[in-house]
Amino acid sequence: MGGTNVWDAEWEVNEEQARTLIGRQFPQLSSKKMKRLGWGWDNTVFLIGDEYVFRFPRRTIAVGSIHMEGKLLPKLEAYMTIPYPKPLFYGEASDEYPAPFLGYAYVPGDFPIGLTEERRALSAETLAKFLRRLHEFPVQAALKCGVQQDHRNLTDIASRKVKLEGFLSKVVEHLSPEESGVIEAYISRLQKDRVESVNALLHGDLHFKNMLVNENGIVSGIIDWGDLSVGHPACDLSVAYSFLPPYARGVFFETYGGADEETKLLARLIAVYIPILILMQAVDDGNEAIAAEAKSNIMRALSD
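Residues numbered from 1 in each chain as written. Predicted model: local features only at pLDDT ≥ 70, side-chain atom pairs only at ≥ 80, totals over all residues. Heavy atoms only, no water.

Engineer: Whenever I open this one, the environment of glycine 70 confuses me. Can you help?
Structural biologist: Secondary-structure assignment places glycine 70 in helix H2 (residues 61-72). In this structure, the C-alpha to C-alpha distance between glycine 70 and cysteine 145, residues 75 residues apart in sequence, is 9.1 Å. Apart from residues no more than four positions distant in its own chain, glycine 70 is found in contact with Pro87, Tyr90 and Leu102. (Helix = DSSP H or I, 4+ residues; strand = E, 2+ residues; numbered from the N terminus. Contact = heavy atoms within 4.5 Å.)

This is how it looks when you write it as structure tokens:
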């Protein structure tokens, strides 16, 4: 599949290059130990000592996000109820590397992979309070920082449904007949073409690879803010379906402040859509643990 996927890099940064780039612009960090933590579609991430994380864009599309995060993330501090990576080091593009890069305070924790439903339920109020406050951030202030407004056309259910059918056909051989049957039945029941637009500041990519939990399995960090945008809050509220067991959703929405049926419909759709994309990439990478977690997220989202 190489070279044709949306997550393929335009440029890669290895450990040695990252060390050189960071050391040149931030010499006070040059003696610290360093290791690559991982990479997403848009960035490669390095841990510096135990205190800092640096993100280097892998694609041109991520460069605008780095600029925008640098401006907006510090302003979110008063609204944050869960630790998040605040920018501290602003790296500039150079002849050696064509993009700006950012260094943040390190947020400790583990990815919530393989948690029991009981453990997941413990985060219902924590996640709802976090999203209630985030969605209260003034939209105009966010737009002034260069945040995009509904660039993904979140409210267009019809086109997302078509894309979802295409994704399903690519991963169907990696699903059990029961799993694919549940997803197909859900897609065929989706009759609404669009929901009304609503504007809130969104994390924009809230799923298990961008959340951290503490030793009790409770959400203790929200990372990777590169998809910060203004759009329908259902995008973030999808976490109520993908992450939380059905019996914890009532307390989640009550704590959040309620959500209408259209919002819940769209939130559930996104809770299937994002993990199926993660599943596609995990299959491409041969990462069985991530693939299994993505599948369980989809099945959880589709259970009541």
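Engineer: Sorry, what's going on with the nonpolar core here?
Structural biologist: Counting residues in hydrophobic clusters, the biggest one holds 78 residues, and the most contacted among them are Leu72, Leu76, Trp225 and Phe252. Setting aside residues no more than four positions away along its own chain, leucine 76 makes contact with Tyr84, Leu134, Phe137, Leu201, Trp225 and Leu228. Ala18, Phe89, Tyr97 and Phe101 belong to the second largest nonpolar core, which has 17 residues in total. (Core = buried A, V, L, I, M, F, W, Y, C linked by side-chain atoms within 4.5 Å. Buried < 20%, exposed > 50% of the residue type's maximum accessible area, 1.4 Å probe, protein only.)

Engineer: So what exactly am I meant to see when it comes to the sheet that holds strand E10 (residues 229-231) here?
Structural biologist: The strands that make up a sheet are held in pairs by hydrogen bonds between backbone atoms, and each pair lies either parallel or antiparallel. Sheet architecture is open: three strands sit in the order E6-E10-E7, paired in mixed fashion. In the strand order of this sheet, the two ends are held by strand E6 (148-149) and strand E7 (200-202), each with one partner. (Pairing = 2+ DSSP bridges.)

Engineer: Would you mind going over the packing of aromatic side chains with me for this structure?
Structural biologist: Here a ring pair, both rings aromatic, is described through the centre-centre distance and the interplanar angle of the planes. Counted by the stated rule, this structure contains 18 aromatic pairs. Summarising the aromatic geometry, the rings of tyrosine 52 and phenylalanine 89 are spaced 5.0 Å apart at their centres and angled 85° between planes, so their arrangement reads as edge-to-face. Taken as a pair, tyrosine 52 in strand E3 (residues 52-57) and phenylalanine 89 in strand E4 (residues 87-91) lie far apart in primary sequence, 37 residues in all. Across the pair, phenylalanine 89 and tyrosine 52 agree in class, each one buried. Between the aromatic rings of phenylalanine 130 and tryptophan 225, the centroid separation amounts to 6.1 Å while the plane-to-plane angle is 80°, which identifies the pairing as edge-to-face. Separated by 95 residues along the polypeptide, phenylalanine 130 in helix H4 (residues 124-134) and tryptophan 225 in the loop between strand E9 (219-222) and E10 bring together distant segments of the chain. The class for phenylalanine 130 is buried, based on a relative accessible area of 0%. A network of ring pairs unites the aromatic residues Trp11, Phe26, Phe46, Tyr52, Phe54, Phe56, Phe89, Tyr97 and Phe101 as a single cluster. Over the aromatic face of phenylalanine 243 sits the side chain of arginine 120, whose NZ or CZ is 5.0 Å from the ring centroid. It is arginine 160 that lies over the ring of tyrosine 273; its NZ or CZ is 4.4 Å from the centre. (Phe/Tyr/Trp six-rings, centres within 6.5 Å; stacked < 30°, edge-to-face > 60°. Lys NZ or Arg CZ within 6 Å of the ring centre and 35° of its normal.)

Engineer: Quick question: what am I supposed to make of the state of the cysteines here?
Structural biologist: Two cysteines, two sulfur atoms, one covalent bond between them: this is a disulfide. For the structure shown, the criterion picks out zero disulfides. Note on cysteine 145: no disulfide assigned, nearest cysteine sulfur contributed by cysteine 235 at a separation of 19 Å. (Disulfide = S-S within 2.5 Å.)

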